[in-house]
Amino acid sequence: MKLIVKREKLEEFDERKIYRACYAACLNAHYTKQNAKKVATAVMKLVVKWVKKEKGIINSKKIRAIMFKILNKIDPEVAFLYETHLDIS
């Protein structure tokens, strides 16, 4: 069980949240559901791999930064939509 700090409290890392956030950003970028699933799955796997390598408790801001970096390599528009959604939510 990997713990993350989110809004000054500890919670268990949930890879489904990574998938959902990426999937939503892809849909907002007008990806088909099938392509959004592929991208979300690939990004989720990369983030999970990174999280497993990290030692100790991880700040959720660091996870978001890693996810943004990965998304930006795949599609800058999706990365922008992901980042913008975080700012308004």
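Predicted model, so just to flag it, every value in this text is computed and none were measured.

### A closer look at unusual backbone geometry
Negative phi is the rule for most residues except glycine; trans is the rule for most peptide bonds.
No. 1: Residues other than glycine seldom take positive phi values, yet Arg 7 does so here, at roughly 50 degrees.
No. 2: Looking at the secondary structure, you find Arg 7 in the loop between strand S1 (3-6) and strand S2 (9-12).
No. 3: Arg 7 sits in the exposed class, given a relative accessible area of 76%.
No. 4: The phi dihedral of His 30 is positive, around 70 degrees, even though this residue is not glycine.

### Here's the deal with the side chain of Ser 60
No. 1: Note on placement: Ser 60 falls in helix H3 (residues 60-74).
No. 2: Ser 60 has contacts with Ile 4, Val 5 and Lys 6, leaving out every residue within four places of it along the chain.

### Side note on H3
No. 1: Relative to the 21 Å expected for 15 residues at 1.5 Å per residue, H3 spans 21 Å between its end C-alpha atoms, a close match to the ideal helical length.
No. 2: Among the residues of H3, those classed as buried are Ser 60, Ile 63, Ile 66, Met 67, Ile 70 and Leu 71. All buried residues of H3 lie within an arc of 130 degrees about the axis, which places them on one face of the element. What points out from H3, more than 90 degrees from its buried face, is the exposed set Lys 61, Lys 69 and Lys 73.
No. 3: Taking the backbone nitrogen of Lys 61 as reference, a side-chain oxygen 2.8 Å away marks Asn 59 as the first, capping residue of H3.

Calculation criteria
- Residues numbered from 1 in each chain as written.
- Predicted model: local features only at pLDDT ≥ 70, side-chain atom pairs only at ≥ 80, totals over all residues.
- Heavy atoms only, no water.
- Helix = DSSP H or I, 4+ residues; strand = E, 2+ residues; numbered from the N terminus.
- Buried < 20%, exposed > 50% of the residue type's maximum accessible area, 1.4 Å probe, protein only.
- Contact = heavy atoms within 4.5 Å.
- Expected span 1.5 Å × (residues − 1).
- Arc of directions from axis to C-beta.
- Polar contact = N/O pair within 3.5 Å; in protein donor to acceptor, adjacent residues only side chain to side chain.

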